[in-house]
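For reference, the chains in residue letters:
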Amino acid sequence: MGDRLGTGFVLLSAIGFGTLGIFGKLAAAEGLSIPTVLTFRFLLATVLVWGWLGVAGDLRRLSGRDLVIGLGLGSFGYAVVSAFYFIGLEYLTAGLTGIVLFTYPVIVVVLAATLLNEPVTRRTVVALVVALTGVVLIAGAEPANVDIRGVLIVLLGALIYATYIVVSRRLLTTVDSRTLTAHVLPAAAVSFIVVGSTTGQLSIPTTLWSWVVVVAIAVIATAMPIFTFFAGMSRIGASRASIVSTVEPAATLFLGAVVLGEPVTLVTVFGGALVVSGVVLVES
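Just so it is clear, the structure is predicted and the values come from calculations on it, not from any experiment.

1. A look at the nonpolar core
Grouped together as the largest cluster of nonpolar side chains are 74 residues, with contacts concentrated most on Phe-42, Phe-86, Tyr-164, Leu-180 and Ile-217. Looking at which element gives the most residues to this core, the answer is helix H10 (residues 208-236), with nine residues. Look past the residues within four positions of Phe-42 in its chain and what remains in contact with it is Tyr-78, Ser-82, Leu-185, Ala-188, Ala-189 and Phe-192.

So, in structure tokens, the structure goes:
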């Protein structure tokens, strides 16, 4: 029962994270700028996550070196990844953006081997080749009208996200994921407040629907998936949770087709399957 419940939580988390691209497209249709969307995303998510940790009795404040590193990871790591993801949405469908970004677990393994001297196995090499082959197929999928600029932007975001994970693993060995998340979110929010204010792109949503989209991004695509992932991981373990999470790009692809009417070709599906297969190889 615990395993099924844990798997269910992680599946719910993956689907929640998978909605980010959908809501991102809806936000863009409402004319909301990226700094505006991401400022409210991280501000609202911060309130929810800190409240959740406080009620659960798991709230822990970082200090000293750990605090500086945690805030830095949020301001210059996760914030940049999020920005590249939303910029990528301007060039690609939500489904393709989700698939390309999901190459990051394979990149993590490669970076860990390079920077942390972790062993490079035959499985690692195969996983990298399989995942990148999937991206190449997607990039060449003319029927899906793929813009190579979007692919490169999201791949760069995946590289930065992988670097963020490796750096946090190396420098914050005694900080648990929940505590790091609680500090990354407000740091990212401050970054977008600064960027939005200095560029004149920060604004307050003015319509009910724009508020619905912004709140959905913060709750359904950010805070809720965080809660359910940790709840599931505590029951089935990190490795199994990572494998179950590979349904995320498939969820985005499906929702993009159903909600936004985005095109889905056989090449896209096959390329996405290769990316997910590569991730499963390195996680299993």
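2. Concerning the packing of aromatic side chains
When we look at a pair of aromatic rings, we describe it by the centre distance and by the angle of the planes. If you walk through the whole model with that rule in mind, you get 12 aromatic pairs. When the ring of Trp-52 is compared with that of Phe-230, the centres are 6.3 Å apart and the planes differ by 15°; the resulting orientation is stacked. One end of the pair, Trp-52, is in helix H3 (residues 34-56); the other, Phe-230, is in helix H10, and 178 residues separate them in sequence. Summarising the aromatic geometry, the rings of Phe-229 and Phe-230 are spaced 6.2 Å apart at their centres and angled 65° between planes, so their arrangement reads as edge-to-face. You'll find Phe-229 and Phe-230 in the same group, each marked buried. Here the aromatic residues Phe-42, Tyr-78, Phe-102, Tyr-104, Tyr-161, Tyr-164 and Phe-192 are joined through ring pairs into a cluster of three or more.

3. Some thoughts on the pattern of salt bridges
Enumeration over the complete set of coordinates arrives at three salt bridges. In this structure, Asp-58 engages Arg-178 in a salt bridge whose closest nitrogen and oxygen atoms are separated by 3.0 Å. Remark: Arg-178 occurs in helix H9 (residues 177-199) and Asp-58 occurs in the loop between H3 and helix H4 (64-88); sequence separation between them is 120 residues. Exposure remark for Arg-178: the relative accessible area of 24% places this residue in the partly exposed category.

4. Considerations on the layout of surface pockets
Taken as a whole, the largest pocket encloses approximately 1,600 Å³ of empty space. As for the largest pocket, its lining consists of 50 residues, of which Tyr-104, Tyr-161, Tyr-164, Ile-165 and Phe-229 are closest to the centre. A per-element tally of the lining of the largest pocket places H10 first, with six residues. Classifying every residue of the lining of the largest pocket by side-chain character gives 30 nonpolar, 14 polar and six charged.

5. Here's the deal with the confidence of the model for the protein chain
Of all residues in the protein chain, 96% attain a pLDDT of 70 or more, and the chain-wide mean is 90. Considering each helix and strand of the protein chain separately, the mean pLDDT is smallest for helix H11 (residues 238-244), with a value of 78, and largest for helix H2 (residues 20-29), with 97.

6. What to know about the packing of H4 against H9
To describe two helices that pack against each other, one gives the angle between their axes and the distance between the axes. At a minimum axis separation of 7 Å, H4 and H9 run at an interaxial angle of 60°. The angle between H4 and H9 places the two elements in the oblique class. Viewed along their axes, H4 and H9 form a crossing whose handedness is right-handed. Where H4 abuts H9, its residues Leu-67, Gly-70, Leu-71, Leu-73, Gly-74, Ser-75, Tyr-78, Ala-79 and Ala-83 lie against Leu-180, His-183, Val-184, Ala-187, Ala-188, Ser-191 and Phe-192. Residues of the contact of H4 with H9, tallied by class, amount to 11 nonpolar, five polar and no charged.

7. Concerning helix H7 (residues 122-139)
Taking 1.5 Å of rise per residue, the 18 residues of H7 would be expected to cover 26 Å, and the 26 Å separating its terminal C-alpha atoms lies within 8% of that figure. Among the residues of H7, those classed as buried are Thr-124, Ala-127, Val-130, Ala-131, Gly-134, Val-135 and Ile-138. Across the axial projection of H7, the buried residues extend over an arc of 135°, all falling on one side. For H7, the exposed residues lying more than 90 degrees away from the buried face are Arg-122 and Val-136.

8. Quick word on H3
Two residues of an α-helix separated by three or four positions point the same way, owing to the 3.6 residues in each turn. Along its 23 residues, H3 runs 32 Å from first to last C-alpha, staying within 8% of the 33 Å computed at 1.5 Å per residue. Directly after H3, the chain includes Gly-57, whose backbone phi takes a positive value near 75°.

9. Description of a nonpolar patch on the surface
A cluster of nonpolar side chains, namely Leu-44, Leu-48, Ile-204, Trp-211, Val-215, Val-219 and Ile-220, defines an oily patch on the protein surface of about 530 Å² accessible area. In terms of residue count, the dominant contributor to the nonpolar patch is H10 (four residues). The residue Leu-48 is located in helix H3 in this model.

Conventions and cut-offs
- Residues numbered from 1 in each chain as written.
- Predicted model: local features only at pLDDT ≥ 70, side-chain atom pairs only at ≥ 80, totals over all residues.
- Heavy atoms only, no water.
- Core = buried A, V, L, I, M, F, W, Y, C linked by side-chain atoms within 4.5 Å.
- Buried < 20%, exposed > 50% of the residue type's maximum accessible area, 1.4 Å probe, protein only.
- Helix = DSSP H or I, 4+ residues; strand = E, 2+ residues; numbered from the N terminus.
- Contact = heavy atoms within 4.5 Å.
- Phe/Tyr/Trp six-rings, centres within 6.5 Å; stacked < 30°, edge-to-face > 60°.
- Salt bridge = Lys/Arg side-chain N within 4 Å of Asp/Glu carboxyl O.
- 1 Å grid on protein atoms, 1.4 Å probe; cavity = no way out; pocket = protein on both sides within 12 Å on 5 of 7 lines; lining within 4 Å.
- Points joined across faces, edges and corners; volume = space filled by probe spheres on them.
- Nonpolar A, V, L, I, M, F, W, Y, C, P; charged D, E, K, R; others polar.
- pLDDT = per-residue confidence, 0-100.
- Axes fitted to C-alpha atoms, helices over the stretch in contact; angles between N-to-C directions.
- Parallel < 35°, antiparallel > 145°, perpendicular 65-115°, else oblique.
- Left-handed = near helix turned anticlockwise from the far one by under 90°.
- Expected span 1.5 Å × (residues − 1).
- Arc of directions from axis to C-beta.
- Patch = residues over 30% accessible without salt bridge, like charges linked within 9 Å, V, L, I, M, F, W, Y side chains within 5 Å.
- Areas by Shrake-Rupley, 256 points an atom, 1.4 Å probe, with all protein chains shown as cover.

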